[in-house]
Amino acid sequence: MKVLVVGGGGREHAIIKKIKENKNITELYALPGNGGIEADAKCVSIGAKDINGIVNFAKENKIDYAVVAPDDPLVLGCVDALEEIGVPCFGPNKKAAIIEGSKVFSKNLMKKYGIPTAEYEVFNSAEVALEYLKTAPIPTVIKADGLALGKGVVIAMTREEAYDAVRSIMGDKKFGDSGNNIVIEEFLTGPEVSVLAFTDGKCVKPMVSSMDHKRALDFDKGLNTGGMGTVAPNPYYTNDIADECMKTIFLPTVNAMNAEGREFKGCLYFGLMLTPNGPKVIEYNCRFGDPETQVVLPLLESDLFEIMKSVTNQTLENCDVKFADKNACCVIMASKGYPEKYENGFEIVIPEEINDTVYVAGAKKADGKLLSAGGRVLGVTDVNNTLEKAIEGAYAKVKKIKFDNAFYRSDIGQKALKATEAK
Ligand code: AMP
Ligand code: GLY
């Protein structure tokens, strides 16, 4: 079978390494992929948002199946366009991807169907939002409605910060049209958990839970990033909490999407906060998380490609989704300066013996050398019998990699380790 994967980051590298285990795949393409993914798939320089380019490539190369991994092409309708020419896909169609594409949509969905989330108000005028903020409880949370590269959320600790956020999102249009509408919501507290789940619109099979580390610096200091590391499973997410989430969040969400005529097929990502009043949804994503995928998929024992096809064919109920009873830790090696200014072009050398679970996010090949080309450059994962060993293993691998401009957190997994020890 000829399979193509849309996207070119660490998440896509993890997906590609995993689906390659299926021997029915004879040709595997990444659009656009990257200099590291080249070792595992044929990379073709067609951008992930170039829907026409992707469709033409699929037609010309008689692609049998496509995996659309990033949010942008999903929200733009890449799955609809591929299905129109007869290519079955893993990923939601445009109507369903709105669950990530519009925060106003997802908040209204949760309210309508009684799915626990933070209290909120929606605004389409900066003036009215600023007026509301004069008396709103502080801290408060301000979210741009549309996609904003994970940066459209401001946690305002003071009223002044809240005013500034509204002015920059709605007034200065910091995120373009994504900020035409905003959500202002209640500030929640509690441990955060990421749960990715396969769903075919009929049943839901959650994957092993994970914990992201969003801030740039140790001890959750510094700016928000796309994610500086992950561990799986997340020790805060007990079996009882998992049962509760299935009943109050996962199934109700899938049913709500069906009731709205927006059947969701693919990977639905639940960003949860375990508040003193029970688990609540912080955000939905319509795709695998990054870098959650880099710890979740290495623990998957079942055949990823078979699962994906069963999601497409709506036979997930009968498909095995089994995870190893082990732990994984992924440390992101970023470029110095990320998430702000950074330089590219530094050579990266990954020793062969650790190559298996090193995922390349931002690098290109030039004259046979791998050179850094992005903020987040590598995801270095270790799978081990305990969390402590997985953390040690991931950092031991980091030390073996040559990449002079590397910057990484040194405390990935420490919070989880403390939670494990407290049990
Ligand atoms: P989001 O892009 O919606 O996941 O938000 C990014 C991060 O902001 C989340 O991972 C949380 O750490 C934080 N956050 C979002 N919404 C809230 C909220 N209502 N209360 C507290 N923190 C929040
Ligand atoms: N790691 C968070 C995300 O993928 O959105």
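Figured I'd write up the structure that's included with this text. Everything quoted here is computed from the prediction, not taken from an experiment.

### Side note on the sheet that holds strand β24 (residues 402-403)
Read from one edge to the other, the open sheet built from 4 strands follows the order β21-β22-β19-β24, with strand pairing classed as antiparallel. In this open sheet, the two edge strands, each paired with only one partner strand, are β21 (363-366) and β24. Sheet topology places strand β19 (residues 347-349) next to β24; 2 bridges connect them, and they run antiparallel. Bridging from a neighbouring strand, Ile 348 pairs with Phe 403 of β24.

### Concerning the site of ligand 2
Taken together, Asp 212, Gly 226, Tyr 269, Asn 285, Arg 287, Gly 289, Asp 290, Pro 291 and Glu 292 make up all the residues around ligand 2. Between an oxygen atom of ligand 2 and a side-chain N or O atom of Asn 285, the distance comes to 3.2 Å. Within the backbone of Asp 290, one N or O atom sits 2.9 Å away from an oxygen atom of ligand 2. When ligand 2 is considered free in solution it has 200 Å² of accessible area, and contact with the protein chains removes 88% of it.

### Section: the packing of aromatic side chains
Summed over the entire model, instances satisfying the criterion amount to 9 aromatic pairs. Centre to centre, the rings of Phe 250 and Phe 270 are 4.4 Å apart; their planes meet at 40°, and the pair counts as tilted. One end of the pair, Phe 250, is in helix α9 (residues 239-259); the other, Phe 270, is in strand β16 (residues 266-275), with 20 residues separating them in the sequence. For Phe 270, a relative accessible area of 0% puts it in the buried group. An aromatic cluster of at least three residues, connected via ring pairs, comprises Phe 90, Phe 198 and Phe 288.

### Quick word on the site of ligand 1
Of all residues adjacent to ligand 1, which total 15 residues, the nearest are Glu 185, Glu 186, Leu 188, Glu 192 and Glu 283. For ligand 1, an oxygen atom lies 2.9 Å from a polar atom in the side chain of Lys 214. Separating an oxygen atom of ligand 1 from a side-chain N or O atom of Glu 283 is a distance of 2.9 Å. For ligand 1, the accessible surface in isolation is 470 Å², of which the surrounding protein chains cover 90%. Those elements that place two or more of their residues in the shell around ligand 1 are β7 (140-144), β8 (153-156), β9 (182-186) and β17 (278-285).

### Structural notes on unusual backbone geometry
Cis geometry is found at the peptide bond from Leu 31 to Pro 32, where omega equals 0°. With an omega of 10°, the peptide bond between Tyr 338 and Pro 339 qualifies as cis. Examined against the element boundaries, Pro 339 turns out to sit in the loop between β18 (327-335) and β19. Positive phi, normally seen in glycine, also occurs at Lys 173, with a value near 55°. By secondary structure assignment, the location of Lys 173 is in the loop between α8 (159-171) and β9. Located in the positive-phi region is Gln 314, a residue other than glycine, with phi close to 60°. Among the residues examined, Gln 314 registers a relative accessible area of 23% and is labelled partly exposed.

### Description of the sheet that holds strand β6 (residues 120-123)
The 4 strands are arranged β6-β9-β7-β8 in an open sheet whose pairing can be described as antiparallel. Two strands lie at the open edges of the sheet, namely β6 and β8, each paired on one side alone. The sheet shows a mean angle of 20° between the axes of neighbouring strands, direction not considered. Across 4 bridges, the pairing between β6 and β9 is antiparallel. Looking across to β9, one finds that Phe 123 is bridged to Ile 182. Packed on one face of the sheet, helix α6 (residues 103-113) meets β6, β7, β8 and β9 and runs near 140° to β6.

### Some remarks on the nonpolar core
Note that soluble globular proteins tend to have their nonpolar side chains buried in a common cluster. Formed by 48 residues in total, the largest nonpolar core has its most connected members in Leu 4, Leu 82, Ile 99, Phe 250, Phe 270 and Leu 272. At 7 residues, α9 tops the list of elements feeding residues into this core. If sequence neighbours within four positions are ignored, Ile 99 has contacts with Phe 105, Ser 106, Leu 109, Thr 253, Met 257, Phe 264, Leu 268, Tyr 284 and Cys 286. Ile 16, Val 295, Ala 328 and Cys 330 belong to the second-largest nonpolar core, a separate cluster that totals 44 residues.

### Some details on the side chain of Lys 18
You can see Lys 18 is positioned in helix α1 (residues 10-19). Assessed through its relative accessible area of 10%, Lys 18 is described here as buried. Beyond its immediate chain neighbours, meaning those up to four positions away, Lys 18 contacts Leu 297, Leu 300, Ser 302 and Leu 304.

### What about α1?
The buried count for α1 comes to 10 of 10 residues, which makes it a mostly enclosed element. Among all positions of α1, only Gly 10, Arg 11, Glu 12, His 13, Ala 14, Ile 15, Ile 16, Lys 17, Lys 18 and Ile 19 are buried. The inward-facing, buried residues of α1 abut β1 (2-7), β2 (27-32), β4 (65-68), α10 (293-296), α11 (304-313) and β20 (358-360).

### A short note on the packing of α1 against α11
Relative to each other, α1 and α11 sit at 100°, their axes nearing to 8 Å. Of the possible angle classes, the one that applies to α1 and α11 is roughly perpendicular. Seen from α1, the contacting residues are Ile 15, Lys 18 and Ile 19; seen from α11, they are Leu 304, Phe 305 and Met 308. Across the contact of α1 with α11, the residue classes break down as 5 nonpolar, no polar and 1 charged.

### Some details on the environment of Arg 262
Tracing the backbone shows Arg 262 in the loop between α9 and β16. On a C-alpha basis, the gap between Arg 262 and Glu 192 in space is 27 Å, while along the polypeptide they are 70 residues apart. When near neighbours in sequence (up to four residues on either side) are disregarded, Arg 262 contacts Lys 95, Ala 96, Ile 98, Phe 105 and Met 257.

About the cut-offs
Residues numbered from 1 in each chain as written. Chains lettered and ligands numbered in written order. Predicted model: local features only at pLDDT ≥ 70, side-chain atom pairs only at ≥ 80, totals over all residues. Heavy atoms only, no water. Pairing = 2+ DSSP bridges. Helix = DSSP H or I, 4+ residues; strand = E, 2+ residues; numbered from the N terminus. Near = heavy atom within 4 Å. Polar contact = N/O pair within 3.5 Å; in protein donor to acceptor, adjacent residues only side chain to side chain. Areas by Shrake-Rupley, 256 points an atom, 1.4 Å probe, with all protein chains shown as cover. Phe/Tyr/Trp six-rings, centres within 6.5 Å; stacked < 30°, edge-to-face > 60°. Buried < 20%, exposed > 50% of the residue type's maximum accessible area, 1.4 Å probe, protein only. Axes fitted to C-alpha atoms, helices over the stretch in contact; angles between N-to-C directions. Contact = heavy atoms within 4.5 Å. Core = buried A, V, L, I, M, F, W, Y, C linked by side-chain atoms within 4.5 Å. Parallel < 35°, antiparallel > 145°, perpendicular 65-115°, else oblique. Nonpolar A, V, L, I, M, F, W, Y, C, P; charged D, E, K, R; others polar.

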